[in-house]
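# Observations on the model geometry
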Amino acid sequence: MALTPRQELYARHKSAGLCVACGGTRPEGSTRVQCDECLAKKRALRAKLIGERLCLNCRRPAYARRLGGRVLCATCRNTEKRNRYAKLSAGICQHCSRPVDPGKTACRVCLDRTRNYHRRTRTETETDT
Ligand SMILES: [Zn+2]
Ligand SMILES: [Zn+2]
Ligand SMILES: [Zn+2]
């Protein structure tokens, strides 16, 4: 499966132990893929967008609040849903484009990661409706 330039850069930064967002250094031993600065920036932006009820994707006014405080406009919400179903029906992991485990909605790597993630924070729970 070919990677997009963005995914390639992400993978390169990640394997080099650099922040995937800015290419800067990450704190040693950090399990996160971004540096503290980028994480703080991302968090601040997210809080701001949620506060103003703007779509996290395109910054247009959002209409719905999802579990975990995710706010998306109708368009992005539909696009996300469509992509998700398209990948799912093609047997492709929606997170990383690897083949999914039989009977699962994501590949083993992402399933493991999600499980670890949820163990740490319960605020980001995604439920399929
Ligand atoms: Zn960074
Ligand atoms: Zn949007
Ligand atoms: Zn995956």
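You'll find the structure just up there.
Report on the accompanying structure. Since this is a predicted model, take the numbers as computed values, not measurements.

### Focus: the environment of Lys14
Mapped onto the fold, Lys14 is located in helix 1 (residues 5–15). For Lys14, a count of 14 C-beta atoms within 10 Å corresponds to the partly exposed category. Residues Lys14 and Val33, spaced 19 residues apart in sequence, show a C-alpha to C-alpha distance of 6.3 Å. With near-sequence residues (within four places) excluded, Lys14 lies in contact with Val20 and Val33.

### What about helix 3 (residues 74–89)?
Since the α-helix packs 3.6 residues into each turn, any two residues three or four apart lie on the same face. Spanning 16 residues, helix 3 covers 22 Å between terminal C-alpha atoms, matching the ideal 22 Å at 1.5 Å per step. Positive backbone phi, at 75 degrees, marks Gly91, one or two positions downstream of helix 3.

### Brief notes about unusual backbone geometry
Even without glycine at this site, Arg53 takes up a positive phi of about 55 degrees. Counting through the fold element by element, Arg53 comes out in the loop between helix 2 (36–51) and strand 1 (64–65). A tally of 13 C-beta atoms within 10 Å means that Arg53 is categorised as partly exposed.

Reading the values: the criteria
- As a convention, each chain's residues are numbered from 1 in the sequence order in which they are written.
- Starting at A for chains and at 1 for ligands, labels are handed out in the order in which the entities are written.
- Confidence filtering applies because this is a predicted model: local features only for residues at pLDDT of at least 70, side-chain atom pairs given and counted only at 80 or more, and all residues used for totals across whole chains, interfaces and linings.
- By the criteria applied, helices consist of DSSP H or I runs no shorter than four residues and strands consist of E runs no shorter than two, each listed in order from the N terminus.
- Burial in this document is a count-based property: other C-beta atoms within 10 Å of a residue's C-beta are tallied, and the residue is buried at 20 or more, exposed at 12 or fewer, or partly exposed in between, with C-beta positions derived from the backbone.
- Contacts here follow a simple rule: the backbone-placed C-beta atoms of the two residues must lie within 7 Å.
- A helix's residues, less one, multiplied by 1.5 Å, set its expected span.

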